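Chain by chain, the residues run as shown.
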Amino acid sequence: MSGKLVLLPAVDVADGKAVRLSQGAAGTETDYGSPIEAAQLFIDAGAEWIHLVDLDAAFSRGENRAIIKSVIDNSNGINIELSGGIRDTDSLDAALAAGATRVNLGTAALENPEWTAEVIALHGEKIAVGLDVRGTTLAARGWTEDGGDLFEVLERLEAAGCARYVVTDVTKDGMLLGPNIEMLKQVLARTNKPVIASGGISSLDDLKNLRELVPLGLEGAILGKSLYAGKFTLEQALVVAGY
């Protein structure tokens, strides 16, 4: 049997509340209440990681740093992967100071390659790069702009020594359409660094299919809409993932 697939249940924060989006589009938020309570439910269910996203920062319409820090402070030492609007040294330092185990760079990695290479060299394992993909074209600025070719950017990040990638199929995110296995295989074939899958997971069978990619270098999967929509419980998912 394949090794364990690390699961990262997502808590997306907008206007101080836990929300979910469809295809990453601003204005499609569904409100799920307190981010602290949302994270705690996942921690109680056995999560080792939380994927925490500041959506307002991602869309450049404000930030939720205080509530993000509260979620981390109340997470009982659980690993936190923090994403959303980390585009310069100030926002990166704030994310690390808040206690994030790891931060995801998105738009900055596409628009500011020199700075990205510098912070990868400086922070190593604490930096992951999020590759948000439509076909093989990357999406930037909260998925509203074209960010270049996936494989050209991946080659550049490999040269910079990037430690980990979070790969999202934008067309599937929040849509419960199943993950893009073929695209993930293409990425895994081009890097020996760990990859985390995001977008489209809708069933326990999807998780089984992703777990089969673990020997190829898939490290984990981010779970969002599937958990919030009650497609399965985190406890069920953890069993399928090999916990």
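The notes below deal with the structure included here. (Residues numbered from 1 in each chain as written. Predicted model: local features only at pLDDT ≥ 70, side-chain atom pairs only at ≥ 80, totals over all residues. Heavy atoms only, no water.)

### Focus on the overall build of the chain
Thinking step 1. The secondary structure content of the chain amounts to 11 helices and 12 strands.
Thinking step 2. On C-alpha atoms alone, the chain measures out to a radius of gyration of 16 Å, which is about the 18 Å that the 2.2 N^0.38 rule sets for 243 residues.
Thinking step 3. For the chain, the C-alpha atoms occupy an extent of roughly 40 × 40 × 30 Å along the three principal directions.
Thinking step 4. Of all 243 residues assigned to the chain, the portion counted as buried reaches 54%.
Thinking step 5. Expressed as a percentage of contacts within the chain between residues at least 6 apart in sequence, the contacts between residues at least 24 apart total 69%.
Thinking step 6. Taken as a whole, the chain presents about 9900 Å² of accessible surface, with 48% of it coming from carbon and sulfur. (Helix = DSSP H or I, 4+ residues; strand = E, 2+ residues; numbered from the N terminus. Rg over C-alpha atoms; globule rule 2.2 N^0.38 Å. Buried < 20%, exposed > 50% of the residue type's maximum accessible area, 1.4 Å probe, protein only. Contact = heavy atoms within 4.5 Å. Areas by Shrake-Rupley, 256 points an atom, 1.4 Å probe, with all protein chains shown as cover.)

### Things to note about the environment of Gly16
Thinking step 1. Within the fold, Gly16 resides in the loop between β1 (6-14) and β2 (17-20).
Thinking step 2. The spatial distance from the C-alpha of Gly16 to the C-alpha of Arg65 is 9.4 Å, given a sequence separation of 49 residues.
Thinking step 3. Each residue touching Gly16, except ones within four places of it in the same chain, is listed here: Pro35, Asn64 and Ile67.

### Some words on the layout of surface pockets
Thinking step 1. In this structure, the largest pocket encloses a volume near 230 Å³.
Thinking step 2. Asp54, Ala57, Arg65, Gly84 and Ser91 are, among the 14 residues lining the largest pocket, the residues nearest its centre.
Thinking step 3. Mapped by element, the contributors of at least two residues to the lining of the largest pocket are α3 (65-73), β5 (79-83) and α4 (89-97).
Thinking step 4. Among the elements that make up the lining of the largest pocket, the one with the highest residue count is α4 (3 residues).
Thinking step 5. Looking at the lining of the largest pocket residue by residue, the class counts come to 7 nonpolar, 4 polar and 3 charged.
Thinking step 6. Lining the second largest pocket are Tyr32, Glu37, Ala38, Leu41, Phe42, Ala45, Leu227, Tyr228, Leu234 and Glu235.
Thinking step 7. Of the residues forming the lining of the second largest pocket, the biggest block, 5 residues, is contributed by helix α1 (residues 35-45).
Thinking step 8. Of the residues contributing to the lining of the second largest pocket, the split by class is 8 nonpolar, no polar and 2 charged. (1 Å grid on protein atoms, 1.4 Å probe; cavity = no way out; pocket = protein on both sides within 12 Å on 5 of 7 lines; lining within 4 Å. Points joined across faces, edges and corners; volume = space filled by probe spheres on them. Nonpolar A, V, L, I, M, F, W, Y, C, P; charged D, E, K, R; others polar.)

### As for the pattern of salt bridges
Thinking step 1. Taken as a whole and assessed by the stated rule, the structure comprises 9 salt bridges.
Thinking step 2. Between Arg61 and Asp56 there is a salt bridge; the shortest N-O distance is 2.6 Å.
Thinking step 3. Under the relative-accessibility criterion, Asp56 is labelled buried at 9%.
Thinking step 4. The partner of Arg102 in a salt bridge is Glu81, and the shortest N-O contact between them spans 2.7 Å. (Salt bridge = Lys/Arg side-chain N within 4 Å of Asp/Glu carboxyl O.)

### Some remarks on the nonpolar core
Thinking step 1. If you look at the biggest cluster of nonpolar residues, it comprises 70 residues, and the most contacted ones within it are Leu7, Val11, Leu131, Leu207 and Leu210.
Thinking step 2. In this structure Leu131 touches Leu138, Leu150, Val153, Leu154, Leu157, Tyr165, Val166, Val167 and Thr168, once residues within four positions along its chain are discounted.
Thinking step 3. Core analysis: the second largest hydrophobic core is formed by 8 residues, Val6, Leu8, Ala10 and Ala128 among them. (Core = buried A, V, L, I, M, F, W, Y, C linked by side-chain atoms within 4.5 Å.)

### Describing α1
Thinking step 1. Looking only at α1, the buried set comprises Pro35, Ala38, Ala39, Phe42, Ile43 and Ala45. The buried residues of α1 occupy an angular sector of 165° when the element is viewed end-on, so they sit on one face. What points out from α1, more than 90 degrees from its buried face, is the exposed set Glu37, Leu41 and Asp44.
Thinking step 2. Here the buried face of α1 lies against β1, β2, β4 (49-54), α3, α10 (225-228) and α11 (234-240).
Thinking step 3. Looking at the residues trailing α1, positive phi occurs at Gly46, about 115°. (Arc of directions from axis to C-beta.)

### Structural notes on the packing of aromatic side chains
Thinking step 1. If you walk through the whole model with that rule in mind, you get 1 aromatic pair.
Thinking step 2. Between Phe42 and Tyr228, the ring centres sit 5.8 Å apart and the planes meet at 90°, which makes this aromatic pair edge-to-face. Here Phe42 is found in helix α1, whereas its partner Tyr228 is found in helix α10, with 186 residues between them in sequence.
Thinking step 3. Across from the ring centre of Tyr243, 4.3 Å away, lies the NZ or CZ of Lys4, which sits over that ring.
Thinking step 4. Looking at Arg102, its charged tip hangs above the ring of Trp49, at a distance of 4.2 Å from the centre. (Phe/Tyr/Trp six-rings, centres within 6.5 Å; stacked < 30°, edge-to-face > 60°. Lys NZ or Arg CZ within 6 Å of the ring centre and 35° of its normal.)

What is shown is where atoms sit, not what they do.
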